[in-house]
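If you want the building blocks of each chain, they are given just below.
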Amino acid sequence: MTFKETLLATIEDNRLEMLIPSREYSEEERVYMRGYNQALEDMLDDYNDESHTINHDKYTYSLN
């Protein structure tokens, strides 16, 4: 499993846990879970941006 696949699976698992909780969560825990999921989504955005830049630079040819 790649880093991106693991990150996507974790985000999805956390979303499902917030929608259908496996136990009762305190308000603090719910706030933490939302923040944690947002941080994971930000990591995914950064990964996608950097991945695009790396691939673009890798496959862009120069005449120089």
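None of these values were measured; they are calculated from a predicted model.

Draft legend 1. Region of interest: the pattern of salt bridges. This structure, assessed with the given rule, holds five salt bridges. The salt bridge partner of glutamate 27 is arginine 34, with a shortest N-O separation of 3.7 Å. Given the relative accessible area of 44%, glutamate 27 is considered partly exposed. Among the charged side chains, a network of salt bridges with common partners joins Glu12, Arg15 and Glu41.

Draft legend 2. Structural detail: a nonpolar patch on the surface. Where nonpolar side chains cluster on the molecular surface, the patch consists of Phe3, Met43 and Tyr47 and spans about 280 Å² of accessible area. Mapped onto the fold, methionine 43 is located in helix α2 (residues 27-59). Overall, methionine 43 belongs to the partly exposed group, its relative accessible area being 38%.

Draft legend 3. Just a negative patch on the surface, in detail. A cluster of acidic side chains, namely Asp42, Asp45, Asp46, Asp49 and Glu50, defines a negative patch on the protein surface. Tracing the backbone through its elements, the reader meets glutamate 50 in helix α2. Here glutamate 50 falls in the exposed class, since its relative accessible area comes to 51%.

Draft legend 4. The arrangement of the packing of aromatic side chains in detail. Summed over the entire model, instances satisfying the criterion amount to two aromatic pairs. Between phenylalanine 3 and tyrosine 47 the ring centres are 5.5 Å apart and the planes differ by 55°, which places this aromatic pair in the tilted class. Of this pair, phenylalanine 3 sits in helix α1 (residues 3-19) while tyrosine 47 sits in helix α2; the two residues are 44 residues apart in sequence, bridging distant segments of the chain. Note on phenylalanine 3: relative accessible area 46%, which makes it partly exposed. Both rings, one in tyrosine 32 and one in tyrosine 36, keep their centres 6.1 Å apart while their planes meet at 5°; by these two values the pair is stacked. Of this pair, tyrosine 32 and tyrosine 36 are both found in helix α2, four residues apart, which corresponds to roughly one turn of the helix. For tyrosine 36, a relative accessible area of 36% corresponds to the partly exposed category.

Draft legend 5. Molecular detail of α1. Here α1 contains 17 residues, and its C-alpha end-to-end distance of 24 Å stays within 8% of the 24 Å for a straight helix at 1.5 Å per residue. For α1, the full list of buried residues reads Leu7, Ile11, Asn14 and Glu17. End-on view of α1: buried residues confined to an arc of 125°, all on one side of the axis. Relative to its buried face, α1 has exposed residues pointing more than 90 degrees away, namely Asp13 and Leu19.

Calculation rules
Residues numbered from 1 in each chain as written. Predicted model: local features only at pLDDT ≥ 70, side-chain atom pairs only at ≥ 80, totals over all residues. Heavy atoms only, no water. Salt bridge = Lys/Arg side-chain N within 4 Å of Asp/Glu carboxyl O. Buried < 20%, exposed > 50% of the residue type's maximum accessible area, 1.4 Å probe, protein only. Patch = residues over 30% accessible without salt bridge, like charges linked within 9 Å, V, L, I, M, F, W, Y side chains within 5 Å. Areas by Shrake-Rupley, 256 points an atom, 1.4 Å probe, with all protein chains shown as cover. Helix = DSSP H or I, 4+ residues; strand = E, 2+ residues; numbered from the N terminus. Lys, Arg positive; Asp, Glu negative; His and termini not counted. Charge placed at Lys NZ, Arg CZ, Asp CG, Glu CD. Phe/Tyr/Trp six-rings, centres within 6.5 Å; stacked < 30°, edge-to-face > 60°. Expected span 1.5 Å × (residues − 1). Arc of directions from axis to C-beta.

Shape descriptors only; they carry no functional weight alone.
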